[in-house]
Amino acid sequence: MRVLTAAMLCLMLAACTSAPKRAPAPVAGPPTLLSSIDAARAKNQHWLDPGLLNGFPPAQSPDYRPPLRLALLLPQTGNLATAGIAVRDGILAAYYAETRSKPGIRIYDTQSTAAGAAAAYLKAVNEGAQMIIGPIGKDEVASVAAQVDGIPLLALNGIDKPDNRFLLTFALSPEREGELIAKRLLSRKLLQAALFTESGDGNQRAVNAFEKTYNAGGGKIVLNAMAPKFVKDANTDALINPVLPDTLLQATAVVLMMSGNSAKPTRAALALNGGGALPVFANSEIGTNIDPTTNAQLDGIEFVQMPWLLGKSNDLGINAAQLAKLPSARGGGARLNAFGIDAWLITTHLNAWLVNPNGAFNGATGSLHLEPNGRIERQLPWLVYRGGLPQAADGQ
């Protein structure tokens, strides 16, 4: 109100005087406040303990300094055993591919429980571990995080508030994909999104992260619905076209959190309801459960994907084909093999990050960088379907 009054006063004075006219002085807006993490990132700083690697042998190169004794806290029994074994195989594949001096490794079974993880941690410390990788379960990580002190631990799952100076966290979270999709739309000024989801915990977590990031950046979700389905007419067996809400016509972009098999009929439903020309973005699930003979129906859809699954190279020079014959590499296990490979990469190259936190490693799961609070973040490549085949988007 103060600015409006001043402007009116200037107009009144200009009408009754011959004095030269002046443009009103610009009004300063509120100062931009950076979060503590943003401020540290801008200064290329981290909050990890400066002596994090003091117990390690001297560095063999600026980017390679493994510990003398490395402990793996991974479930080898219990309901998380399949995942634990896949991660273990990835770590060991990277270990045996390394030709330089390597640490001794000991594996401790967390038994897929919080109590088992806590006991395994204490045993590893008492037996002289200089660094620990794991555990992987959410409850397991929470039980160990409170104990971490004196030696670095790379937890393979997220934690709500990673505020321990000896703790690093690394996760393959669906939330990250949701955040990246939201940032993609915001960067292109696509501020009204129609969102379609297939059931599943991972998809819902991606949706929640997308919504949070998108809304914070000024975006608005104008339609949030489950993946549409074509059903047969009971009398004629003809397919009935799904009718989508009119709010679809307000959208400037479409987001799909679903498999490729669900994305195909969703794409058809969009075309039948006036949304066929909208740009479409998707999470990595679109690359699963696909009949390759009909993939042309996905043409033009942009999506994120793990480099490992694309046969791309990484800083360790290991590719998915080398591990393809392992039983643990089947199905979703390939992602966890890549996760283990990157855990080794982080562990042995951590000294480079302590000097240059904003530096990036070319990992199997994505481009990796260290956040000031010890969280390791992934940047994923963008692909687009052309001629039914996924190809690099944006010249990546």
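Because the structure is a prediction, the values reported are computed rather than measured. (Residues numbered from 1 in each chain as written. Predicted model: local features only at pLDDT ≥ 70, side-chain atom pairs only at ≥ 80, totals over all residues. Heavy atoms only, no water.)

### Overview of the pattern of salt bridges
Part 1 of the reasoning: Tallying each qualifying case throughout the model produces 13 salt bridges.
Part 2 of the reasoning: The shortest N-O distance in the salt bridge between D38 and R41 comes to 2.8 Å. Of this pair, D38 and R41 both sit in helix α2 (residues 36-42), three residues apart, roughly one helical turn.
Part 3 of the reasoning: Residue D38 is classed as partly exposed on the basis of its relative accessible area, which comes to 30%. (Salt bridge = Lys/Arg side-chain N within 4 Å of Asp/Glu carboxyl O. Helix = DSSP H or I, 4+ residues; strand = E, 2+ residues; numbered from the N terminus. Buried < 20%, exposed > 50% of the residue type's maximum accessible area, 1.4 Å probe, protein only.)

### Topic: helix α8 (residues 260-272)
Part 1 of the reasoning: The first and last C-alpha atoms of α8 sit 19 Å apart over 13 residues, in line with the 18 Å expected at 1.5 Å per residue.
Part 2 of the reasoning: Among the structural elements, β6 (192-197), β10 (253-257) and β11 (280-282) are those in contact with the buried residues of α8.
Part 3 of the reasoning: After α8 finishes, the residue G274 shows a positive phi value of roughly 85°. (Expected span 1.5 Å × (residues − 1). Contact = heavy atoms within 4.5 Å.)

### Some details on the environment of V304
Part 1 of the reasoning: Within the secondary structure, V304 sits in strand β12 (residues 302-304).
Part 2 of the reasoning: Sequence separation between V304 and N79 is 225 residues, and the spatial gap between their C-alpha atoms is 29 Å.
Part 3 of the reasoning: In this structure, V304 is in contact with E177, A282, N283, S284, L380, P381 and W382, ignoring residues within four places of it in sequence.

### Quick notes on the side chain of S328
Part 1 of the reasoning: By the secondary structure assignment, S328 is in the loop between α9 (320-323) and α10 (333-355).
Part 2 of the reasoning: A polar atom in the side chain of S328 sits 2.7 Å from the side chain of D89.
Part 3 of the reasoning: Look past the residues within four positions of S328 in its chain and what remains in contact with it is I85, A86, D89, G333, A334 and N337. (Polar contact = N/O pair within 3.5 Å; in protein donor to acceptor, adjacent residues only side chain to side chain.)

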